[in-house]
Amino acid sequence: MDDFNSKPQKKMPIWVLLAFSSIHKRKHAIILIWASIFFTLYCLPWSTFFNSEIISTLFLIDDWSWLVMMIPICIWYVLSLRWMDNNKAWEKV
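Figured I'd write up the structure that's included with this text. Keep in mind that what you see is a predicted model, and the values were worked out from it rather than measured. (Residues numbered from 1 in each chain as written. Predicted model: local features only at pLDDT ≥ 70, side-chain atom pairs only at ≥ 80, totals over all residues. Heavy atoms only, no water.)

Looking at helix α5 (residues 65-86)
As a reminder, the rule being used: Numbering of helices and strands runs from the N terminus, with a helix taken as a DSSP run of H or I at least four residues long and a strand as a DSSP run of E at least two residues long. For a helix, the expected span equals 1.5 Å multiplied by the residue count minus one. Classification of residues uses two cut-offs on accessible area relative to the type maximum, computed with a 1.4 Å probe and protein chains only: under 20% is buried, over 50% is exposed, and between them is partly exposed. Throughout, a contact is declared for two residues whenever any of their heavy atoms are within 4.5 Å.
For α5, spanning 22 residues, the distance from its first C-alpha to its last is 33 Å, which sits close to the expected 32 Å at 1.5 Å a residue. Considered for burial, the residues of α5 that qualify are L67, M70, C74, Y77, S80, L81, W83 and M84. The secondary structure elements touched by the buried residues of α5 are α1 (14-19) and α2 (26-42).

Below is the structure:
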């Protein structure tokens, strides 16, 4: 009887399902996003900006390819989180 008043549930898009297929809590999705952001910052070629032996030893990435790959991944995770929040999909999972 209350089914007539409730909104129809949207089906989860495949891009959201692929992003959070094994993540069931919002807190874990936020941890994944922050870890991706930190790894994206690590992927900056810091050795090209600073001529230091310590920087070259700690930051092994010396080209832009990893950064170019990680930025769209971070955006994908953030957009997936936004979709899950807007559609209250955390309750279904």
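Having seen it, we continue.
Focus: the nonpolar core
Inclusion rule: Throughout, nonpolar core names a set of buried Ala, Val, Leu, Ile, Met, Phe, Trp, Tyr and Cys residues whose side chains join them through atoms within 4.5 Å.
Counting 12 residues, the largest nonpolar core is built from V16, A19, F20, I23, A29, I33, Y77, L81, W83, M84, A89 and W90. Elements supplying a minimum of two residues to this core: α1, α2 and α5. The dominant element in this core, judged by the number of residues it contributes, is α5, at four residues. Residues L44, I61, L67 and M70 belong to the second largest nonpolar core, which totals five residues.

A closer look at α2
Operational definition: Here, the arc refers to the directions that run from the helix axis to the C-beta atoms.
Over its 17 residues, α2 runs 24 Å from end to end, which matches the ideal 24 Å to within 8%, given 1.5 Å per residue. Inspection of α2 places A29, I33, S36 and T40 among the buried residues, and these make up the whole buried set. An end-on view of α2 places all buried positions within 60 degrees of arc, on one side of the element. Facing away from the buried side of α2 by more than 90 degrees, the exposed set consists of K27 and F38. Of the surrounding elements, those touching the buried residues of α2 are α5.

Description of the side chain of S36
Structurally, the position occupied by S36 is in helix α2. For S36, a relative accessible area of 8% puts it in the buried group. If near-sequence neighbours (up to four positions away) are discounted, S36 is found in contact with M70, C74 and Y77.

With respect to the pattern of salt bridges
The criterion, for reference: The term salt bridge refers to a side-chain nitrogen of Lys or Arg lying within 4 Å of a carboxyl oxygen of Asp or Glu.
If you walk through the whole model with that rule in mind, you get one salt bridge. Across the pair D85 and R26 runs a salt bridge, and its minimum N-O distance is 3.0 Å. Of this pair, D85 sits in helix α5 while R26 sits in helix α2, placing them 59 residues apart in sequence. Taking the relative accessible area as the measure of exposure, D85 reaches 28% and is therefore partly exposed.

Quick notes on the environment of P13
Along the chain, the position of P13 falls in the segment before α1. Note: C-alpha distance between P13 and W83 (70 residues apart in sequence) is 9.2 Å.

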